[in-house]
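The lines below spell out each chain.
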Amino acid sequence: MPEWPEPEKLQSPPCVGVLGPLEVRLSERSGTEVSVGGIRVRSLLAALTAQLGEAMSTERILKEVWGDNRPTTDRKAVAVAVLRLRRVLGDREGQWLLTRPSGYVLDIPPDHLDALRAERLVREGKAALAAGDPRTASRHLASALAEWRGDPYADAEATSTVSRRTIELEVLKAEAVEARIDAELELGNHQELLGELRSLTTANPLHEPHWRQLLLALYRSGRQADALAAYTTLRGSLADHLGVDPGPQLQDLHLRILRADTGLLAGRAPAQSRRLLLTSRC
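## Quick word on the overall build of the protein
In terms of regular secondary structure, the protein is built from 10 helices and five strands. A burial count over the protein gives 48% of its 282 residues as buried. Taking as baseline every contact in the protein between residues at least 6 positions apart, the subset at least 24 positions apart corresponds to 65%. For the protein, the computed accessible surface area is about 13,800 Å², with 49% contributed by carbon and sulfur atoms.

So this is what it looks like as structure tokens:
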């Protein structure tokens, strides 16, 4: 367990990562990662980050951290877990893990939690794409995806709060991937995307948005026949597994490809730099 840092050396809040195994980096140690500790401390950190800035009562902590194995001295057990987590966070004075009448609050800036940085970058990327700026959108979305180190909360107990937050973050990542590919298609990077789109449609054979992107990338790469064949593959899979046809958007795209619609050949801007944004990442 780390020693308490000297109070005068505490310069800024710790940086916490949940997009992968839980991690904590202390700024006064030049960003050095510290051990998060045992299962109780990890569970407490996971629960508090899942609702950053919101108070979690002692009773709720007992359910999230101990589940059905409630300790006999329950309030003391919670107090000990909080103390241990404060040590992990380098928070001797209780500046970041606060005690409130309603419970305990992890109060660090949003950009000191990787999940919230990713959420912000995805929002900004989508907004840029909607505003007709695919270059900026691609950079924001690529930076958001770079925050992931693995599955969210990979080494935390799958409590109700953590499981719900994990699902939200998995959906966020899927949305970021889809939006980034749309941005890169607008930038004319269709040929570079073919391998990734083949992998995505193989992994998610019924996910129509990636099939739409694959058809468009193939057509823009001069592979009309392959695009039409991909549509046939999707239509067969949907019929076999769900008993439905592709949605209206894909049907319209299929007809336009059949007609060799030149309006689909937009998005021939020069390939953009893959440089990520410089963010306030910890």
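What follows continues from the structure just given.
## Quick notes on the pattern of salt bridges
Under the criterion given, the structure shown has 17 salt bridges. Connected through salt bridges with shared partners, the residues E23, R25, D114 and R149 form a single ionic network.

## Focus on the confidence of the model for the protein
For the protein, the mean per-residue pLDDT works out to 89, and 89% of the residues sit at or above 70. When the criterion is pLDDT under 50, residues 268-274 qualifies, and its contacts beyond four places in sequence or with other chains add up to 22 contacts.

## Some words on helix α1 (residues 39-50)
Taking 1.5 Å as the rise per residue, α1 with 12 residues should run 16 Å; its terminal C-alpha atoms sit 16 Å apart, in good agreement. With nine of 12 residues buried, α1 lies mostly within the body of the structure. All of the buried residues in α1 are V41, S43, L44, L45, A46, A47, L48, T49 and A50.

## Examining the packing of helix α6 (residues 160-186) against helix α8 (residues 208-220)
Contact pair α6 / α8: the axes reach a minimum separation of 11 Å and the direction vectors enclose 20°. On the basis of their axis angle, the class for α6 and α8 is roughly parallel. As for how α6 packs across α8, the hand of that crossing is left-handed. Only P209, H210, R212, Q213, L216, A217 and R220 of α8 make contact with α6, whose side of the interface consists of V177, E178, I181, D182, L185 and E186. Class assignment for the residues of the contact of α6 with α8 results in six nonpolar, two polar and five charged.

## Some remarks on the nonpolar core
Grouped together as the largest cluster of nonpolar side chains are 76 residues, with contacts concentrated most on V24, L85 and Y153. Among the elements that make up this core, the one with the highest residue count is α6 (nine residues). Residues in contact with L85, not counting those within four places in the same chain, are V41, L44, L45, L48 and L97.

## A look at the packing of α6 against helix α7 (residues 190-203)
For the pair α6 and α7, interaxial distance at closest approach is 10 Å and the crossing angle is 155°. Taken together, α6 and α7 sit at an angle that is classed as roughly antiparallel. When you trace α6 past α7, the crossing you get is left-handed. Facing V177, R180, I181, E184 and L185 of α6, the residues of α7 in contact are H190, L193, E196, L197 and L200.

## A few points about the side chain of S138
Secondary-structure assignment places S138 in helix α5 (residues 134-145). Within the structure, S138 has its side chain in polar contact with the side chain of E184 (distance 3.5 Å).

## Description of the sheet that holds strand β1 (residues 15-17)
Ordered by their spatial adjacency, three strands build an open sheet running β1-β2-β3, and the pairing between neighbours is antiparallel. At either margin of the open sheet sits one strand with a lone partner, and together these are β1 and β3 (32-34). Strand after strand, the sheet turns through a mean of 30° between neighbouring axes, direction not considered. Bridging between strand β2 (residues 23-26) and β3 involves three bridges; their strand directions are antiparallel. In the strand pairing of β3, R25 is matched with E33.

## Things to note about unusual backbone geometry
One non-glycine residue, Y153, lies in positive phi territory at about 55°. Summarising the element assignment, Y153 is placed in the loop between α5 and α6. Positive phi outside glycine occurs at A260, with the angle close to 55°. According to the relative accessible area criterion, A260 is partly exposed, its value standing at 38%.

## As for the side chain of R117
Topologically, R117 is positioned in helix α4 (residues 114-130). A residue is classified by how much of its surface remains accessible, and R117, at 4% relative accessible area, is buried. A polar atom in the side chain of R117 sits 3.0 Å from the side chain of E147.

How each quantity is defined
Residues numbered from 1 in each chain as written. Predicted model: local features only at pLDDT ≥ 70, side-chain atom pairs only at ≥ 80, totals over all residues. Heavy atoms only, no water. Helix = DSSP H or I, 4+ residues; strand = E, 2+ residues; numbered from the N terminus. Buried < 20%, exposed > 50% of the residue type's maximum accessible area, 1.4 Å probe, protein only. Contact = heavy atoms within 4.5 Å. Areas by Shrake-Rupley, 256 points an atom, 1.4 Å probe, with all protein chains shown as cover. Salt bridge = Lys/Arg side-chain N within 4 Å of Asp/Glu carboxyl O. pLDDT = per-residue confidence, 0-100. Expected span 1.5 Å × (residues − 1). Axes fitted to C-alpha atoms, helices over the stretch in contact; angles between N-to-C directions. Parallel < 35°, antiparallel > 145°, perpendicular 65-115°, else oblique. Left-handed = near helix turned anticlockwise from the far one by under 90°. Nonpolar A, V, L, I, M, F, W, Y, C, P; charged D, E, K, R; others polar. Core = buried A, V, L, I, M, F, W, Y, C linked by side-chain atoms within 4.5 Å. Polar contact = N/O pair within 3.5 Å; in protein donor to acceptor, adjacent residues only side chain to side chain. Pairing = 2+ DSSP bridges.

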